[in-house]
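Per-entry structural report
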Amino acid sequence: MTQMIQELRPEEYPEFCALWKKAFGDGPEVVDELFQALGDSVAAYVMGFDQLAAELTQFDMGSVIMADGSELPSLISYAICTDPDYRGKGLGSSITTFAKDRANGDHKASILCPAEPGLVWFYQPLGYHALFPVRETIMRRSAIDALRKDLFQAAEGLEARKQNGVVLEILTPGKYGDVRESYLQGTVHFRLSPEILKYIGGGWTRFCRIRVNGIEMGICTVHVEKRAEEAPGLPAAGPEQVMVIEELLVKSEMADHFTAEMLGAAVADWGRCRICQMRSPVENAPAAEASGSEGSPEKSGVLDARVQTVFTAIHHDVETQAMIAFPDEKTKKAFLKSAEKSPLKPYFGFPLD
């Protein structure tokens, strides 16, 4: 039977939700919530023979903003999956290309977030470029304690205010979006729509402004999880409370990844968590970082006990958070030129994973 790609029909919705659950483990209520939150901007595509074999959800969740403030409209391809019985037949590639062509045909970028690093190689031949990296940091309690102390030592040089310690001020989704844009001004980044911010903040995630001794130093989105297994790079220690910081941004005049780690440690300590997992932007690499010499114990000689404690209790990685397919070569060149001027590497922020 000839394979067809078509927009999801109402009578196919239960089968669509069943395949979504088979692939990702989410019940139909999760699909309902996403579709209701994003309304008319959501389109779902399905592909099959005598049964639904592959599916993809596409929606508008914002735009790429260039360093000069110009805008590139975008559509997100999300929850791309193929029934295990039909894998290896090219269905995933076909439905992904279909959605990309639909976006590019309207002169919009097509963006997707690989669910795992190995999928970067799957999407590259389809025209997607791995241009949105993110810094992933995981730290255990000893690193949290040490970095928190560093933060307060750094804050001593700032003008004292009435508040002492770390304060997380809860922001509305709209306010967080406004502050986020002010932090990312002059960088290539993805601007989140009001609808997606409201959707993200509709569950356990909270949008926060971080103040240290009364001084605003950053913003973040946080939630707490109880996990039975440790993440790669750090030893297992049984079930622990984990502070998950999906995004942490530092005010531009203070922005670097070490300050981000100090703030992440302070937020984890504030939440009484023994482990912190956080994501933050990647700086447009200074020479030291590009050469791999940045603060590495191999390059810096004998370390004192405190620095060694921090190093062994913290795990870093830079991963591709999102990939982009441009509508044409001119747009691609404009993006790359703008990225060269940006203090941060192109930053996406929320993969909805």
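By convention here, each chain's residues receive numbers from 1 onward along its written sequence. The predicted origin of the model limits local features to residues at a pLDDT of at least 70 and limits the giving and counting of side-chain atom pairs to 80 or more, whereas totals for whole chains, interfaces and linings rest on all residues. Hydrogen atoms and water are omitted, and side-chain values are computed over all heavy atoms in the structure.

1. Here we look at the overall build of the chain
Filter applied, for reference: Starting at the N terminus, helices and strands are each numbered in turn, a helix being any DSSP run of H or I of at least four residues and a strand any DSSP run of E of at least two. Relative accessible area decides the class of each residue, using a 1.4 Å probe on protein chains only: under 20% of the type maximum gives buried, over 50% gives exposed, and in between gives partly exposed. Should any heavy atoms of two residues lie within 4.5 Å, those residues are considered in contact. Where accessible areas are quoted, they stem from the Shrake-Rupley method and a 1.4 Å probe; at the residue level, only the protein chains shown are allowed to cover.
Along the chain, the regular secondary structure elements total 12 helices and 14 strands. Scored against the burial criterion, the 353 residues of the chain give a buried share of 50%. Expressed as a percentage of contacts within the chain between residues at least 6 apart in sequence, the contacts between residues at least 24 apart total 75%. When the accessible surface of the chain is split by element, carbon and sulfur atoms take 51% of a total near 16900 Å².

2. Some thoughts on the pattern of salt bridges
Applicable threshold: One side-chain nitrogen of Lys or Arg within 4 Å of one carboxyl oxygen of Asp or Glu is enough to make a salt bridge.
Scanning the entire structure with this criterion turns up 12 salt bridges. In this structure, the salt-bridge partner of Glu11 is Arg9, at a minimum N-O distance of 3.7 Å. When its relative accessible area of 57% is taken as the criterion, Glu11 is described as exposed. Note on Arg9: relative accessible area 40%, which makes it partly exposed. With a shortest N-O distance of 3.1 Å, Glu71 and Arg191 are connected by a salt bridge. Separated by 120 residues along the polypeptide, Glu71 in strand β5 (residues 71–82) and Arg191 in strand β9 (residues 189–192) bring together distant segments of the chain. What makes Glu71 partly exposed here is its relative accessible area of 45%. Shared partners join several salt bridges into a network, and the residues in it are Glu169, Arg209, Arg211 and Glu216.

3. A look at unusual backbone geometry
Backbone geometry at His107 places phi at a positive 55°, although glycine is not the residue there. With respect to the helices, strands and loops of the structure, His107 is situated in the loop between α3 (91–105) and β6 (109–112). Of note, Asn213 is a non-glycine position whose phi angle comes to about 50°, a positive value. One can find Asn213 in the loop between β10 (206–212) and β11 (215–227). A relative accessible area of 17% means that Asn213 is categorised as buried.

4. Considerations on the packing of helix α1 (residues 13–24) against helix α2 (residues 28–38)
Cut-off, in case you're wondering: Note on method: axes are straight lines fitted to C-alpha atoms, helices fitted across the in-contact stretch only, with angles between N-to-C directions ranging 0 to 180 degrees. Relative orientations are named as follows: roughly parallel for angles under 35 degrees, roughly antiparallel for angles over 145 degrees, roughly perpendicular for angles from 65 to 115 degrees, and oblique for any other angle. By definition, turning the near helix anticlockwise from the far helix through less than a right angle yields a left-handed crossing, and turning it clockwise yields a right-handed one. Note on residue classes: Ala, Val, Leu, Ile, Met, Phe, Trp, Tyr, Cys and Pro are nonpolar, Asp, Glu, Lys and Arg are charged, and everything else, Gly too, is polar.
As a packed pair, α1 and α2 sit with axes 9 Å apart at the nearest point and diverge in direction by 115°. Relative to α2, the element α1 is oriented roughly perpendicular. α2 is crossed by α1, and the crossing has right-handed handedness. On α2, the residues touching Tyr13, Phe16, Cys17 and Trp20 of α1 are Pro28, Val31, Asp32, Leu34 and Phe35. When grouped by side-chain class, the residues that make up the contact of α1 with α2 number 8 nonpolar, no polar and 1 charged.

5. What about the environment of Glu7?
Looking at where Glu7 falls in the secondary structure, it is placed in strand β1 (residues 4–7). Along the sequence, Glu7 and Thr57 sit 50 residues apart, while their C-alpha atoms lie 9.8 Å from each other. Beyond its immediate chain neighbours, meaning those up to four positions away, Glu7 contacts Glu12, Ala43, Ala44 and Tyr45.

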